[in-house]
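Below are the chains, spelled out letter by letter.
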Amino acid sequence: MIIFLIIMFKKVLLLIFILLFVGTVFSIRLVEPISKELNDNDFVGSIEPGQTLELIISKELGRFNSVELTSDLPSFFNISIKDYLESVKIIIESNERTPRTNYFFSFNLKGKSSVKNVRVFFSVTDSLLDATLLNYSSSTNVNDPANYDLLLINNSDADAKFLLNVNLPWFWLSNNLDTENAGFVIVPKQQKIIQKLVVFPRVQGNHYFKVHLDLQTKNNSKEFTLYSNAKPTLASKFNSSLSGLPFYSISVLPSYFLNSVFSVLFN
């Protein structure tokens, strides 16, 4: 009988320990952009002005079901909350005029039987986005591709948007740009990508042209000068004959007509 009571007492103690452990193991867990258990005054990410910071917080297998902000951020930000099955997302949108500093805010994570509050901060700063050229020159034939590589760097905790603009006619460029001579490139948070730029020189000779990059905003931009050496081909030499055919005089028409035929054959 005594042994039985001792065993039952141990089981009760074990049950109490488990209940206490379960009651304390649940905390506010940040999933993105940094995976960590949140405590007061914890850092949750950094962005540049114009970027959007998205905080994804776990519902801890249904223990919590909603988020409530308990302190406000300045008017430089737009804040919204989205609710998902297993998580909630706090979306903090900055703008180009957002001052560079640290920003603190508090929120409650609510459940049926518990409410947890935490105060965290994020930073708005410069020099998180960058771009550089991996090659600035290319030698090719007229109408053949000249390839250039740009390294786009995003060291922030939010996706970044780079606007690429090239001061060349649209028919010198490949179709990987959104408009005639410009296109957006999205670089995910904490990543680097190589963006290829393909140019088709239409005229022989040495050509210099500029590439302008807006790194998320016009306040943060870079400009590069690229060089192309385009060598002539038979097709490029004869091509002007075909395009100028209607303007030739009658006396030179036969010879230019022959050049036009060669132009068609060698294209």
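Data block above holds the structure.
Residues numbered from 1 in each chain as written. Predicted model: local features only at pLDDT ≥ 70, side-chain atom pairs only at ≥ 80, totals over all residues. Heavy atoms only, no water.

(A) Representation of the sheet that holds strand β13 (residues 160–166). Taking strand neighbours across the sheet as the criterion, the five strands line up as β11-β17-β16-β13-β14 in an open arrangement whose pairing is mixed. Since the sheet does not close on itself, it has two edges, and those belong to β11 (137–141) and β14 (182–187), each with one partner. Going across the sheet, the axis of each strand differs from the next one's by a mean of 25°, ignoring polarity. Inspection of the sheet shows strand β16 (residues 205–215) paired to strand β17 (residues 221–231) by 10 bridges, in the antiparallel sense. When the sheet's bridge partners are listed, Lys 210 is paired in β17 with Thr 225. (Pairing = 2+ DSSP bridges. Helix = DSSP H or I, 4+ residues; strand = E, 2+ residues; numbered from the N terminus. Axes fitted to C-alpha atoms, helices over the stretch in contact; angles between N-to-C directions.)

(B) Structural detail: the pattern of salt bridges. Across all of its chains, the model carries eight salt bridges by this definition. Taking the shortest distance from any N to any O, the salt bridge between Lys 89 and Glu 54 comes out at 3.4 Å. One end of the pair, Lys 89, is in strand β7 (residues 87–93); the other, Glu 54, is in strand β4 (residues 52–58), and 35 residues separate them in sequence. Among the ionic pairs, Glu 68 bridges to Lys 110, the shortest N-O distance being 3.0 Å. With Glu 68 in strand β5 (residues 66–69) and Lys 110 in strand β8 (residues 102–110), this pair connects stretches of sequence that are 42 residues apart. Judged by its relative accessible area of 36%, Glu 68 falls in the partly exposed class. Residue Lys 110 is classed as partly exposed on the basis of its relative accessible area, which comes to 30%. (Salt bridge = Lys/Arg side-chain N within 4 Å of Asp/Glu carboxyl O. Buried < 20%, exposed > 50% of the residue type's maximum accessible area, 1.4 Å probe, protein only.)

(C) Structural view of the packing of aromatic side chains. The tally for this structure, following the rule as stated, stands at 10 aromatic pairs. Plain terms: the ring middles of Phe 77 and Tyr 103 are 4.8 Å apart, the flat faces sit at 80° to each other, and that makes the pair edge-to-face. Separated by 26 residues along the polypeptide, Phe 77 in the loop between β5 and β6 (78–83) and Tyr 103 in strand β8 bring together distant segments of the chain. Judged on exposure class, the residue Phe 77 and its partner Tyr 103 are both buried. Centroid distance Tyr 208 to Tyr 227: 5.0 Å. Interplanar angle 40°. Geometry classified as tilted. On the criterion of sequence distance, the pair formed by Tyr 208 in strand β16 and Tyr 227 in strand β17 is long-range, its members being 19 residues apart. By relative accessible area, which is 62% here, Tyr 208 ends up exposed. Through pairs of rings, three or more aromatic residues link up here, namely Phe 77, Tyr 103, Phe 105, Phe 107 and Phe 122. Above the face of the Phe 184 ring, Lys 161 is positioned so that its terminal group lies 4.9 Å from the ring centre. (Phe/Tyr/Trp six-rings, centres within 6.5 Å; stacked < 30°, edge-to-face > 60°. Lys NZ or Arg CZ within 6 Å of the ring centre and 35° of its normal.)

(D) Local environment of the nonpolar core. Of all hydrophobic cores here, the largest spans 24 residues; its most connected members are Ile 92, Phe 105, Phe 107 and Phe 122. At the level of secondary structure, the elements contributing two or more residues to this core comprise β3 (42–47), β4, β7, β8 and β9 (115–124). Discounting residues that sit within four places of it in the chain, Ile 92 has contacts with Gln 51, Thr 52, Leu 53, Leu 55, Leu 73, Phe 77, Asn 78, Phe 105 and Phe 122. In this structure, Leu 129, Val 166, Leu 168 and Leu 215 belong to the second largest nonpolar core, which totals 23 residues. (Core = buried A, V, L, I, M, F, W, Y, C linked by side-chain atoms within 4.5 Å. Contact = heavy atoms within 4.5 Å.)

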